[in-house]
Amino acid sequence: MGTSTAPRIASQISYSDLYARWERGHWLATEIDFTQDRIDWQEKLTEGERAAALWFFALFFHGEDEVADDLSPYVEAAPIEEQTYFLTTQQVDESRHSVFFNRFMHEVVGLGDGTPGAGLQATEGHLTWGHRETFKNLAKVAHELHADRSPEKFAEAVTNYHVIVEGTLAQPGQHMMEAWLERRGILPGFLAGMQKISVDEQRHIAFGMKTLSDLYETDPVGIGDVIVDAVRTSGAALMAFAYPSGGRAFLEPMGVDLAALYGESMRALDSRLKGIGLTGEQRQRAMTIDPSLSFGQQGERVLQLLDAGYVGDGTLPKSKRPEDVEVLFSMIANVIEAYPPKDGTVVQFDLTDVGARHYVRSGGELEYHQGPHPAPSVSLRLSLDDFADLIAERANPVKLLLLRRLRISGDRGLLMGSRSIFGPAPGTRSKPTRAASPKGLALLRSALPYPGRVAQRLVARPAAR
Ligand SMILES: [Fe+2]
Ligand SMILES: [Fe+2]
């Protein structure tokens, strides 16, 4: 692993400066004037715009509420006093953001009775599968932080909160919404609030980067692994976060270029990881993307996978178009390359309805071939539907194995272990820290070595999504 040449963020940020910026940046969510917003919402927005905007705003409203709820363990676990002080200011901010969104929902859209509980309830139906999974994971990690205040667990928790939720999901979305409001010249109260929220979030993200950068410097390999694993674990939910059930056409009235938004999110994530100090190798392992493509092109690819029904909430039919299947396999190549197997290894995916594909690791490169290989090192045989469900973490692979819808031949060891073709298996790390309960391929890896555990896990997790 090479040493980082990226500019580390720690030297440019101090906790006391972040605190002082909070004191100077006070604003009042209860005094934003929504008079013009009420008129605009009824008269200037088209029906399609109202539906799309309400959907976006609901994702934010619930996100703000969730992060406000989950921050207490961070305050308790922070090892440095100034971190504790800052985190208490952040907790106030997140509640204020939630109050702002609730006011908008009630006073402009006419939802709920003005109490946050009723506002949340009235907007819950808009949440995506990716949103629910992301915040389920954040709540789980926050809960674990109560009992485990190790630097590794703190790093994992801050990665999930400040880097993934705030830095990757929220901030690019805020900028996109601000741009839409400015372009259309509508909802001035909402825009004013969003601009205040953006400044607050900038501070929160800076805190997270400073904290992680300092932790990373003490242990670039161990903390680096924790950060990489946290990002990898959240991948399936991240891709599905801002994708409407039923397809992206729903967002067209708002003029949203979802592929550009996804590209911007990936660019933001990469630059945060770089600022923390992660090496290029660590960043690529975390994000499992093809480094030869621009972030815009990466965004297009993720959208193609979502449109094809492979990743996401599973409500769209899975495409069997060759051009979509090939994009899926190019993503798998990136996943394999994150922890490359030794030279000569052949990994095959024998899909019953669209044919076999295999990868050969040769001369330090990964070659991709259509069709079957005469002697693969390991081969997985299953339908395209089940394969996509596995990749997107919607299916329980143990159940697929028991139902014989998934058959594995060859060296199963290639699917296991900390440097397996699918990356670190849960529980194989030397330090007792993991981001989330295993799902999808991670669950497959953890179940494979012990047949007894297969039955045990099936009992423990009877329902596949
Ligand atoms: Fe917030
Ligand atoms: Fe925040």
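Everything that follows concerns the structure shown earlier in this document.
A. Representation of the overall build of the protein in the model. Counting its secondary structure elements, the protein contains 18 helices and 5 strands. When burial is assessed residue by residue, the protein has 51% of its 465 residues classed as buried. At a minimum sequence separation of 6, the contacts of the protein that also span at least 24 residues come to 73%.

B. Broad picture of the packing of helix H11 (residues 258–276) against helix H12 (residues 280–287). Two numbers describe how H11 lies on H12: the axes approach to 10 Å, and their chain directions differ by 140 degrees. When the interaxial angle is binned, H11 and H12 end up oblique. Both H11 and H12 take part in a crossing whose hand is right-handed. Facing Met-266, Leu-269, Asp-270, Leu-273 and Lys-274 of H11, the residues of H12 in contact are Arg-283, Ala-286 and Met-287. Among the residues forming the contact of H11 with H12, the class breakdown is 5 nonpolar, no polar and 3 charged.

C. Seen up close, the environment of Gln-90. Residue position: Gln-90 is located in helix H5 (residues 81–109). Sequence-wise, Gln-90 and Leu-71 are 19 residues apart; in three dimensions their C-alpha atoms are separated by 8.4 Å. Beyond its immediate stretch of four places on either side in the chain, Gln-90 contacts Leu-71 and His-204.

D. Representation of the environment of Gly-25 in the model. Its location among the elements puts Gly-25 in the loop between helix H1 (15–24) and helix H2 (35–43). Gly-25 gets classed as partly exposed once you count the C-beta atoms within 10 Å, which come to 14.

E. Highlighting unusual backbone geometry. Within the chain, Thr-288 stands out as a residue other than glycine whose phi angle is a positive 40 degrees. Within the secondary structure layout, Thr-288 lies in the loop between H12 and helix H13 (295–307). We classify Thr-288 as buried; it has 20 C-beta atoms within 10 Å. Not every positive phi belongs to a glycine, and Arg-404 is a case in point at roughly 60 degrees. On the secondary structure map, Arg-404 appears in the loop between helix H16 (397–402) and strand S5 (407–410).

F. Quick peek at the sheet that holds strand S4 (residues 378–382). Pairing is mixed across the open sheet formed by 5 strands, whose spatial order is S3-S2-S1-S4-S5. For this open sheet the edge positions go to strand S3 (365–370) and S5, each flanked by a neighbour on one side alone. For this sheet the average axis-to-axis angle between neighbouring strands, irrespective of direction, equals 15 degrees. Bridging between strand S1 (residues 346–351) and S4 involves 5 bridges; their strand directions are parallel. What sits directly across from Gln-348, in S4, is Ser-379. On the sheet, helix H14 (residues 322–338) packs against S1, strand S2 (355–362) and S3 and is oriented at approximately 150 degrees with respect to S3.

G. Examining H13 more closely. The first and last C-alpha atoms of H13 sit 18 Å apart over 13 residues, in line with the 18 Å expected at 1.5 Å per residue. By the burial criterion, the buried members of H13 are Gln-298, Gly-299, Arg-301, Val-302, Leu-303, Leu-305 and Leu-306. On the buried face of H13, the contacting elements are helix H10 (222–240), H11 and H14. Remark: Gly-309 follows H13 within two positions and exhibits a positive phi of approximately 80 degrees.

H. Geometry of the pairing of S1. Along S1, 5 of the 6 residues are buried, which leaves the element largely enclosed by surrounding structure. Note: S1 against S2, 6 bridges, orientation antiparallel. Bridging across to S2, Phe-349 finds its partner in Arg-357. Linking S1 to S2, which pair antiparallel, is a turn of 3 residues.

I. A look at the nonpolar core. Judged by nonpolar contacts, the single largest core of 120 residues is most densely connected at Phe-104, Leu-212, Ile-227 and Val-311. When residues of this core are assigned to their parent elements, the largest contribution, 12 residues, is made by helix H8 (residues 151–184). Two domains each donate at least three residues to this core, and these are domain 1 (10–283 + 297–307) and domain 2 (323–460). If sequence neighbours within four positions are ignored, Leu-212 has contacts with Ala-155, Val-158, Thr-159, Val-163, Ile-227 and Ile-276.

J. Highlighting helix H6 (residues 116–123). What H6 keeps buried is the set Pro-116, Gly-119, Leu-120 and Thr-123. Buried residues in H6, looked at end-on, bunch into an arc of 95 degrees, giving them a common side. The elements touched by buried residues of H6 are helix H3 (47–70) and H5.

K. Here's a closer look at the packing of H3 against helix H7 (residues 129–147). It is the contact of H3 with H7, at a shortest axis distance of 10 Å, that shows an interaxial angle of 10 degrees. It follows from the interaxial angle that H3 and H7 lie roughly parallel. Two secondary-structure elements touch here, H3 through Leu-59, His-62, Glu-66 and Asp-70 and H7 through His-131, Phe-135, Leu-138, Ala-139 and Ala-142. A class-by-class count of the residues in the contact of H3 with H7 yields 5 nonpolar, 2 polar and 2 charged.

So, how was this worked out
Residues numbered from 1 in each chain as written. Chains lettered and ligands numbered in written order. Predicted model: local features only at pLDDT ≥ 70, side-chain atom pairs only at ≥ 80, totals over all residues. Helix = DSSP H or I, 4+ residues; strand = E, 2+ residues; numbered from the N terminus. Buried ≥ 20, exposed ≤ 12 C-beta atoms within 10 Å, placed from the backbone. Contact = placed C-beta atoms within 7 Å. Axes fitted to C-alpha atoms, helices over the stretch in contact; angles between N-to-C directions. Parallel < 35°, antiparallel > 145°, perpendicular 65-115°, else oblique. Left-handed = near helix turned anticlockwise from the far one by under 90°. Nonpolar A, V, L, I, M, F, W, Y, C, P; charged D, E, K, R; others polar. Pairing = 2+ DSSP bridges. Expected span 1.5 Å × (residues − 1). Core = buried A, V, L, I, M, F, W, Y, C linked by C-beta atoms within 7 Å. Domains from an automatic or database assignment. Arc of directions from axis to C-beta.

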